[in-house]
Amino acid sequence: MKTADQDHGQRADILSLLAAYVPADPGEKEARSRIAAFAAANAELGRPNPAGHITASALVVDAAFGRLLLDHHAKLGIWVQFGGHLEGGEGVAEAALREAREESGLASARLLSPAIFDVDVHSIPARGEVAAHYHYDLRFLAVADPGEAFTVSSESLSLRWIALEELPSYSDSESMLRMGRKVAALRSRAREAAAAD
């Protein structure tokens, strides 16, 4: 069970990361504002809050930014990045990396930066006794070795490394496609830097 100090620490971490983050477009700017407002206004940021939860996720890429590891989510039935809820007093970046490692089994997974890579607010449909609610998602970029064998967890139907260009065949979600565009920009910058050397 979380303590009041842990809640305060998580909230401070979330608000600090959001304050430093520069959104890529108006949709992301609105999402950042909604997440900050939710974090500031709610004493409970996790599962006990029926209105919504702060979540942390990680998009896993290879070191060349040419491939993504996607998760075919069992409950949602869609291809997404790895992610989930915060535990105890862990920071958001720490939670994102934990989720990526737990859901993929990839020990090589590591965050490329402790800074936010993307933000999104999305609705989660009602399921069983859990009412429909929102996930206020802070996303990070992680890199892993595609040669390492992954493990499909009970939360997934399948995992798959795909070429970055294949992303639109797996998801039509604007937030997923936006992350793909950001990865493509990183790949272009990495190639330009390599060519300049």
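Everything here concerns the structure above.
Here's a quick rundown of the structure. Remember, it's a predicted structure, so these values are computed and weren't measured experimentally.

Remarks on the overall build of the protein chain
(1) Moving on: Scanning the protein chain from terminus to terminus reveals 5 helices and 8 strands.
(2) Moving on: Sequence-ordered secondary structure for the protein chain, helices as α and strands as β, is α-α-β-β-β-β-α-β-β-β-β-α-α.
(3) Moving on: A compact globule built from 197 residues should have a C-alpha radius of gyration of about 16 Å, and the protein chain, at 17 Å, falls within 12% of that.
(4) Moving on: Across its three principal axes, the protein chain shows a C-alpha extent of roughly 50 × 35 × 30 Å.
(5) Moving on: Looking at the 197 residues of the protein chain, the share that counts as buried comes to 47%.
(6) Moving on: When contacts within the protein chain are restricted to residue pairs at least 6 apart in sequence, long-range pairs at least 24 apart make up 69% of them.
(7) Moving on: Surface accessibility of the protein chain: about 9,800 Å² in total, with carbon and sulfur atoms responsible for 55%.

Let's talk about helix 5 (residues 174-196)
(1) Moving on: Its 23 residues give helix 5 an end-to-end C-alpha distance of 33 Å, which sits within 8% of 33 Å, the value for a rise of 1.5 Å per residue.
(2) Moving on: Within helix 5 the residues assigned to the buried category are Ser 175, Met 176, Arg 178, Met 179, Gly 180, Lys 182, Val 183 and Arg 187.

So, the packing of aromatic side chains
(1) Moving on: Applying the stated criterion across every chain yields a total of 3 aromatic pairs.
(2) Moving on: Ring centres of Phe 38 and Tyr 136 lie 4.2 Å apart, and the angle between their planes is 15 degrees; this geometry places the pair in the stacked category. Of this pair, Phe 38 sits in helix 2 (residues 26-41) while Tyr 136 is found in strand 7 (residues 133-143), placing the two residues 98 residues apart along the sequence.
(3) Moving on: The buried category is assigned to Phe 38, whose relative accessible area is 6%.
(4) Moving on: Overall, the relative accessible area of 8% leaves Tyr 136 in the buried class.
(5) Moving on: Every member of this aromatic cluster is reached through a ring pair, and the members are Phe 38, Tyr 134 and Tyr 136.
(6) Moving on: For Lys 182, the ring lying beneath its charged end belongs to Phe 117, and the centroid distance is 5.5 Å.

Comments concerning helix 3 (residues 92-104)
(1) Moving on: With 13 residues, helix 3 extends 18 Å from end C-alpha to end C-alpha; this agrees with the ideal 18 Å at 1.5 Å per step.
(2) Moving on: Burial of helix 3 is extensive: 10 of the 13 residues sit out of reach of the surface.
(3) Moving on: Val 92, Ala 93, Ala 95, Ala 96, Leu 97, Arg 98, Glu 99, Ala 100, Glu 103 and Ser 104 are the residues of helix 3 that are buried.
(4) Moving on: The first or second residue beyond helix 3 is Gly 105, which carries a positive phi of 75 degrees.

How each quantity is defined
Residue positions are given per chain, counting from 1 as you read along its sequence in written order. Confidence filtering applies because this is a predicted model: local features only for residues at pLDDT of at least 70, side-chain atom pairs given and counted only at 80 or more, and all residues used for totals across whole chains, interfaces and linings. In computing side-chain properties, one takes all heavy atoms of the structure into account and sets aside hydrogens as well as water. A run of DSSP states H or I qualifies as a helix once it reaches four residues; a run of E qualifies as a strand once it reaches two. Both are numbered from the N-terminal end. Note that the radius of gyration is over C-alpha atoms, with the globule rule given as 2.2 Å times the number of residues to the power 0.38. Each residue is assigned to one of three classes by its accessible area relative to the maximum for its type, calculated with a 1.4 Å probe on protein chains only: buried under 20%, partly exposed between the two thresholds, exposed over 50%. It only takes one pair of heavy atoms within 4.5 Å for two residues to be counted as in contact. Here, Shrake-Rupley sampling with a 1.4 Å probe gives the accessible areas, and only protein chains in the shown set may cover a residue. To estimate how far a helix should reach, multiply one less than its number of residues by 1.5 Å. Pairing of aromatic rings covers Phe, Tyr and Trp, the last through its six-membered ring, and needs centres within 6.5 Å; plane angles under 30 degrees mean stacked, over 60 mean edge-to-face, and all others mean tilted. Only when the NZ of Lys or the CZ of Arg is both within 6 Å of the ring centre and within 35 degrees of the ring normal is a charge said to sit over the ring.

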